[in-house]
Amino acid sequence: IAKAALPTPIEVLHGVQEIWAQDEFSHHLRVSIRLCFESLFVSTFLALIISYGTKLPKIGKYFSPVATFISVTRFQSLVGILFALMLYSPGAHTTKIMVLTYGMVGFLTTSFKVIFNEIPNTKFEHARTLRLSELRVFWEVVVRGKRHMILEVMAQTFAIAFGMLSMVESYVRNEGGIGVYLSDMNKQFNLSKIFAVQIMIMLTGLLSDFAIRLVNK
């Protein structure tokens with residue numbers, strides 16, 4: 001009985017054709033992709049600032065414990081955190097960005113710290129002896145010097161965001177999204193469309209990952 005309840009590959013392919021032809025699905029897909037990229041950029045910005053702060057000569061000692069704490073958050077579950085962020089968020093869209101950012105920034109900070117620690121201090125010192133501003137030092141030594149590694153970490157972390165997406169959007173249903181669409185299909189117990197949506201999510205994730213890596217070339 002359990003096996004009979006599962007859709008056949010043909011039924012799943014029909015489900016893919018059906019949902020691809022629906023304007024409703026394309027709307028949910030656009031909402032989710034935009035949300036993922038917005039959260040990725042916010043998380044990357046915060047992680048870069050915090051990680052680079054640990055390399056600053058005078059205030060690095062103050063950034064180090066902050067970076068360590070944020071790195072530890074990658075072990076935390078979002079259960080409970082989601083409710084707390086909903087209480088202090090000004091809106092539904094901001095809530096989703098905050099939750100996804102919280103879920104990603106720990107991984108990004110940990111990876112960026114490793115990347116920055118591999119940069120010899122002589123490179124930072126040399127740039128500062130040229131009387132470059134700290135922002136210019138950051139741009140030349142870190143962003144331009146380690147761009148390929150930063151984008152690689154972003155591509156890997158984007159997959160984490162895509163994995164969390166359905167859970168976050170099913171909790172915060174405003175604006176829609178793939179999570180809302182999957183939740184509705186699950187209530188209807190429409191397994192063929194559920195598997196079809198999972199395939200579409202996987203393909204969309206692979207294309208987004210390819211787009212990020214394409215920038216790295």
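Our subject is the structure listed above.
Described below are features of the structure shown in this document. (Residues numbered from 1 in each chain as written. Predicted model: local features only at pLDDT ≥ 70, side-chain atom pairs only at ≥ 80, totals over all residues. Heavy atoms only, no water.)

## Some thoughts on the overall build of the protein chain
Counting its regular elements, the protein chain contains 11 helices and zero strands. The linear arrangement of helices and strands in the protein chain, starting from the amino end, is α-α-α-α-α-α-α-α-α-α-α. Expressed as lengths along the three principal axes of its C-alpha atoms, the size of the protein chain is roughly 70 × 40 × 30 Å. Looking at the protein chain as a whole, 44% of its 217 residues qualify as buried. Taking the contacts inside the protein chain whose residues are at least 6 apart along the sequence as the reference set, 76% of them involve residues at least 24 apart. (Helix = DSSP H or I, 4+ residues; strand = E, 2+ residues; numbered from the N terminus. Buried < 20%, exposed > 50% of the residue type's maximum accessible area, 1.4 Å probe, protein only. Contact = heavy atoms within 4.5 Å.)

## Description of the nonpolar core
Within the largest apolar cluster, 58 residues are counted, with the highest numbers of intra-cluster contacts made by F25, Y52, F112, F116, V142 and V197. Per-element tally for this core: the top contributor is helix α9 (residues 147-171), with 11 residues. The residues touching F25, leaving out its near neighbours within four places in the chain, are I19, W20, I178, Y181, V197 and M200. (Core = buried A, V, L, I, M, F, W, Y, C linked by side-chain atoms within 4.5 Å.)

## A short note on the side chain of H93
Here H93 shows up in helix α6 (residues 92-117). At 2.6 Å, the side chain of H93 and the side chain of E38 are in polar contact. Every residue in contact with H93, bar those within four places of it in the chain, is listed here: R34, L35, E38 and E175. (Polar contact = N/O pair within 3.5 Å; in protein donor to acceptor, adjacent residues only side chain to side chain.)

## Regarding the side chain of K146
With respect to the secondary-structure elements, K146 resides in the loop between α8 (134-144) and α9. Comment: no salt bridge for buried K146; closest opposite-charge side chain is E118, at 4.7 Å. Setting aside chain neighbours within four positions, we find K146 in contact with I115, I119 and V141. (Lys, Arg positive; Asp, Glu negative; His and termini not counted. Salt bridge = Lys/Arg side-chain N within 4 Å of Asp/Glu carboxyl O.)

## Focus on the environment of S166
Tracing the backbone through its elements, the reader meets S166 in helix α9. Separated by 34 residues in sequence, S166 and M200 have C-alpha atoms that sit 13 Å apart. S166 has contacts with G179, L182 and I201, leaving out every residue within four places of it along the chain.

## Considerations on the environment of I10
In this fold, I10 is placed in helix α2 (residues 9-20). Its relative accessible area of 53% is what places I10 among the exposed residues. Separated by 182 residues in the primary sequence, I10 and S192 place their C-alpha atoms 9.2 Å from one another.

## A few points about the packing of aromatic side chains
Across all of its chains, the model carries five aromatic pairs by this definition. Each residue in the set F37, F41 and F158 is aromatic and connected to the rest through ring pairs, giving one cluster. (Phe/Tyr/Trp six-rings, centres within 6.5 Å; stacked < 30°, edge-to-face > 60°.)

## What about a nonpolar patch on the surface?
A cluster of nonpolar residues, V42, F45, L46 and I49, forms a patch on the protein surface that exposes about 340 Å² of accessible area. Topologically, V42 is positioned in helix α3 (residues 23-53). (Patch = residues over 30% accessible without salt bridge, like charges linked within 9 Å, V, L, I, M, F, W, Y side chains within 5 Å. Areas by Shrake-Rupley, 256 points an atom, 1.4 Å probe, with all protein chains shown as cover.)

## Considerations on the pattern of salt bridges
In this structure the tally under the stated criterion is six salt bridges. Between D184 and R173 there is a salt bridge, and its shortest N-O distance comes to 2.8 Å. Placement of the pair is D184 in helix α10 (residues 178-187) and R173 in the loop between α9 and α10, with a sequence separation of 11 residues. Each of R136, E140 and R144 takes part in salt bridges that share partners, so that together they form one network.

## A word on unusual backbone geometry
A positive phi is found at R131, a non-glycine position, where the angle reads about 60°. In this structure, R131 sits in the loop between α7 (121-129) and α8. Residue class for R131 comes out exposed when judged on its relative accessible area of 80%. Its identity as a non-glycine residue notwithstanding, E175 has a phi of 80°, on the positive side. Within the fold, E175 resides in the loop between α9 and α10.

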